[in-house]
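Structural characterization, general
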Amino acid sequence: MSATAVHPRVSTKRTPEVIIVGAGFGGIAAAIELRRHGIERIRILEQAPDLGGTWFFNTYPGAACDVPSHLYSYSYAQRRNWTRLCSMQAEIHSYLHEVARTHGVDRLVQRNTTVSSCSWDEQSCRWTVLSADGETREADVLILATGQLHQPSRPSIEGADSFAGHSFHSAEWDHGYELGGKRVAVVGTGASAVQFIPEIAPEVRRLTVLQRTGNWFLPRKNRRYPTILRAAIERVPGLQALRRRFVFEYTESLTLTIRHPRTLGRVARARSAAFMRSQLKDPEVRARAWPDYTFGCKRILFSSHFLPALQRENVELVTEAIARIEPEGIVTADGTLHDLDCIIWATGFRTNDFMFPMEITGVGERSLRTAWAGGAHAHLGMTVPGFPNMFLMYGPNTNTSGGSIIVYLEAQASYIRQALQQLGAHEAGAIEVLPEVEAASDRALQARFAGTAWTGCDSWYRNEQGRIVANWPGYMREYLEQTRALNPDEYRLIALPDRAAVAPV
Ligand code: NAP
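Predicted model, so just to flag it, every value in this text is computed and none were measured. Each chain carries its own residue numbering, running from 1 in the written order of its sequence. Given that the model is predicted, a residue must reach a pLDDT of at least 70 before its local features are reported, and side-chain atom pairs must reach 80 or more before they are shown or counted; all residues, however, enter totals for whole chains, interfaces and linings. Values reported for side chains reflect all heavy atoms of the structure, with hydrogen atoms and water molecules removed beforehand.

**Considering the nonpolar core**
Within this scheme, the nonpolar core is defined by two criteria: the residues are buried Ala, Val, Leu, Ile, Met, Phe, Trp, Tyr or Cys, and they are joined through side-chain atoms within 4.5 Å. Type-normalised accessible area, obtained with a 1.4 Å probe on protein chains alone, sets the label of each residue: buried when under 20%, exposed when over 50%, and partly exposed for intermediate values. Counting 117 residues, the largest nonpolar core has Phe25, Ile28, Tyr74, Ile143, Phe196, Leu207 and Ile344 as the members making the most contacts within it. Residue contacts are counted whenever heavy atoms from the two residues lie within 4.5 Å of one another. Beyond its immediate sequence surroundings of up to four residues, Phe25 is in contact with Trp55, Tyr72, Tyr74, Ile92, Tyr95, Leu96, Ile406 and Leu409.

**Describing the site of the ligand**
Taken together, 22 residues lie around the ligand, and Asp66, Ser192, Arg212, Thr213 and Lys298 are the ones closest in. At 2.4 Å, a side-chain N or O of Thr213 approaches an oxygen atom of the ligand. Nitrogen and oxygen atoms within 3.5 Å of one another constitute a polar contact, given that in protein one can donate a hydrogen and the other can accept it, and given that sequence-neighbouring residues count only through two side-chain atoms. Here an oxygen atom of the ligand sits 3.0 Å away from a polar atom, N or O, in the side chain of Trp460. Protein contacts shield 83% of the accessible area of the ligand, which totals 900 Å² for the unbound molecule. No other element matches helix H4 (residues 191–200), which puts three residues into the shell around the ligand. Residue type decides the class: Asp, Glu, Lys and Arg count as charged, Ala, Val, Leu, Ile, Met, Phe, Trp, Tyr, Cys and Pro as nonpolar, and the leftover types, Gly among them, as polar. Among the residues making up the shell around the ligand, the classes are represented as ten nonpolar, eight polar and four charged. Bear in mind that the domain bounds are from an automatic or database domain assignment. Here the shell around the ligand gathers at least three residues from each of two domains, domain 1 (13–151 + 350–427) and domain 2 (160–216 + 262–345). Proximity is defined per residue: if any heavy atom of the residue lies within 4 Å of a molecule or strand, that residue is considered near it. Note on areas: Shrake-Rupley with a 1.4 Å probe; residue coverage comes only from the protein chains shown. Strands are runs of DSSP state E lasting at least 2 residues, helices are runs of H or I lasting at least 4, and numbering of each runs from the N terminus.

**Here's the deal with the confidence of the model for the protein**
Overall, the prediction assigns the protein a mean pLDDT of 95, with 96% of residues at 70 or greater. Taken as a whole, residues 1–12 scores under 50 in pLDDT and shows 31 contacts with residues more than four places along the chain or in a different chain. A residue's pLDDT is simply how confident the predictor is in it, with values from 0 to 100.

**What about the layout of surface pockets?**
Here the term cavity refers to a set of points on a 1 Å grid, laid over the protein atoms alone, in which a 1.4 Å probe fits but cannot get out; the term pocket refers to an open set having protein on both sides within 12 Å along at least five of seven lines, with lining residues being those that place an atom within 4 Å of a point. Grid points are joined across faces, edges and corners, and a volume is the space filled by probe spheres set on the points. Size it by volume and the second largest pocket reaches roughly 460 Å³. For the lining of the second largest pocket, the secondary structure elements donating two or more residues are helix H1 (25–36), helix H6 (239–259), helix H11 (405–426) and helix H13 (476–483). Across the lining of the second largest pocket, the residue classes tally to ten nonpolar, five polar and eight charged.

**Description of empty space enclosed by the protein**
One pass over the structure, following the stated rule, counts two cavities of 30 Å³ or more. Approximately 40 Å³ is the volume found for the largest cavity. The wall of the largest cavity is formed by Asp66, Ala191, Val194, Gln195, Leu301 and Phe302. Listed by contribution, the elements that provide at least two residues to the lining of the largest cavity are H4 and strand S12 (301–302). Among the elements that take part in the lining of the largest cavity, H4 stands out by supplying three residues, more than any other.

**Section: the state of the cysteines**
When two cysteine sulfur atoms are found within 2.5 Å, that pair is recorded as a disulfide. A complete count under the given rule lists one disulfide for this structure. The partner cysteine of Cys297 in its disulfide is Cys457, sulfur to sulfur 2.0 Å. The sign of the S-S torsion, about -100°, decides the handedness of the disulfide formed by Cys297 and Cys457: left-handed. Here the residue Cys297 occupies a position in the loop between helix H8 (283–289) and S12, and Cys457 occupies one in the loop between helix H12 (435–447) and H13, the gap between them amounting to 160 residues. Each member of the pair, Cys297 together with Cys457, is buried. Cys118 forms no disulfide, and the closest cysteine sulfur to it belongs to Cys125, at a distance of 16 Å.

**Observations concerning H6**
In this scheme, a helix's expected span is set at 1.5 Å multiplied by one less than its residue total. Given a rise of 1.5 Å per residue, 21 residues ought to cover 30 Å, and the 30 Å separating the end C-alpha atoms of H6 matches this to within 8%. Buried residues of H6: Gln240, Arg244, Val247, Phe248, Thr251, Glu252, Leu254, Thr255, Thr257, Ile258 and Arg259, and no others.

**Here we look at the pattern of salt bridges**
Salt-bridge detection follows one rule: a side-chain nitrogen of Lys or Arg within 4 Å of a carboxyl oxygen of Asp or Glu. Across all of its chains, the model carries 24 salt bridges by this definition. Among the salt bridges present, the one from Asp341 reaches Arg183, with a minimum N-O distance of 2.8 Å. Taken together, the residues Asp341 in the loop between strand S16 (337–339) and strand S17 (342–345) and Arg183 in strand S9 (residues 183–187) connect sequence positions 158 residues apart. Between Glu478 and Arg448 there is a salt bridge, with its nearest N and O atoms 2.6 Å apart. Taken together, the positions of Glu478 in helix H13 and Arg448 in the loop between H12 and H13 put the pair 30 residues apart, joining distant regions of the chain. Among the ionic contacts, a cluster of salt bridges with common partners joins Glu17, Arg41, Arg43, Arg126, Glu138 and Asp140.

**A closer look at the sheet that holds S9**
Between any two strands, pairing holds if DSSP finds at least two bridges. Reading across from one edge, S8-S17-S9-S10-S13 is the order of the five strands in this open sheet, with parallel pairing throughout. Looking along the sheet, the strands with just one partner apiece sit at the ends: strand S8 (166–169) and strand S13 (315–318). Strand-to-strand, the axes of this sheet are offset by a mean angle of 15°, without reference to chain direction. One ladder, built from four bridges, connects strand S10 (residues 206–210) with S13; its direction is parallel. Across the sheet, residue Leu210 finds its bridge partner in S13, namely Val318. The axes used here are C-alpha line fits, helices contributing only the stretch in contact, and every angle between their N-to-C directions lies in the interval 0 to 180 degrees. Sitting on the sheet, H4 touches S9, S10 and S17, and the angle it makes with S9 is about 165°.

**Regarding the domain arrangement of the protein**
Assigned domains within the protein: domain 1 (13–151 + 350–427) and domain 2 (160–216 + 262–345). The centre of domain 1, based on its C-alpha atoms, is set 32 Å off from the matching centre of domain 2. As used here, buried area is the combined drop in accessible area, with a 1.4 Å probe, of two parts when they are placed together. Interface area, domain 1 with domain 2, both sides summed: about 1,100 Å², of which 44% is carbon and sulfur. Across the pair Arg299 and Asp66 runs a salt bridge whose closest N-O atoms are separated by 2.6 Å. Of the residues in the side of domain 1 that touches domain 2, the class split is six nonpolar, five polar and one charged.

Spelled out as structure tokens, the structure:
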């Protein structure tokens, strides 16, 4: 594009009509950013009956964010009265509600609206968005803010349907089911299981924890803040900002250990191992719980409560693989039948699916599935060649292993807003990333994984071909730098239907 750069603060001459899919932290961030810059014609389509995204759905006991709230919050909506370092689900959900209300975007959310397909029309330079209820909506711009962690994954295991007891996924917690006194199995020991197992263990009669892979742990008690500390954060000027800065740097240091597994990673691993040894007094449980992969390859888990819970009298840690499920319970590979009343699937999400099964078709009716046949990729996780005026939030390679996704989402909201300002300033119909730019940035991004801990095991960050499609390979700071100012030379503008091309490259 030969267009000169548009200063981010320059107002648009033509404000586009925008549909945002998803009213989680991403969709809300985008709507706030656009409205602040005069783009008002926005609809947010949300499949759930409420905004919140993952913080609406994940209500399991003990659900919290393991990223401290001073950083896991919008930079422009800092709250000084968090009740603990890492807030619980209800507090985070109410925070998002409050921010959305304050910025006037909660009223833009159309609830109970599941988008089934989005198709680009080259003639009109518009997206047509179809929802499951049969309604059709049109917009100039489509922002898919569905993220990576919204489709519960349940492994297909022989006999699963034959189970006579009760079962549910951790992201669809059945609060109506009384766990007290029951024989319960939890399949999976990821970030979710680690939070709810210590909560339910004292309640249930027997808890069987089926672990496929052990994890690396670091300590976190996450008690409520003492009154004096809360008062200090609320009243001492600058203390909140200082804590945010500290948490930012601390999480960057986690990334440092992941990027350098043979040096700093070893130091961090030794710290984790010492903590785990101090917690795992029972040598048998210790041997079973111990991870066998590079520190940082999977999410590092922060909990001072999970490993002690595994050593309770009524808890058994099982590491044999699941062979099949029978009406009475789970049979493991060693032939043992674990009699159960309830199975809780803590088996994570279909992360590689991103917004699918939504059908997305771009230029020439090419589907996004075809474009992503070898694995999802997008320039800076946001723009895909052949899909003009489409932007992703928390898209490919923008997950963070240690940092705050909200830092990324704010950066994305600002970048997308700049793209829309290009449209306005040039009175163009659409903006599209150049294929060679996207391909080069993808190559550079993938090359950054070489030698890092992320390549040291199989994880949900990878797709079936082994390509890492979920994670950003570096620091939050780098992502902020790369997204701070949209480079117009990386994009082409497409003329409005009734005009000649603005400046094809
Ligand atoms: P997860 O981290 O993907 O963990 C899934 C667990 O299920 C793993 O232990 C996995 O074992 C196991 N599993 C999967 N399929 C299995 C099978 N067929 N048989 C046996 N075990 C199986 O999912 P999650 O705990 O829900 O967390 C997902 C992500 O959500 C996290 O990584 C994190 O990004 C986010 N999250 C964040 C927080 C937070 O506090 N910020 C809290 C919860 C979740 P393998 O390790 O062997 O695959």
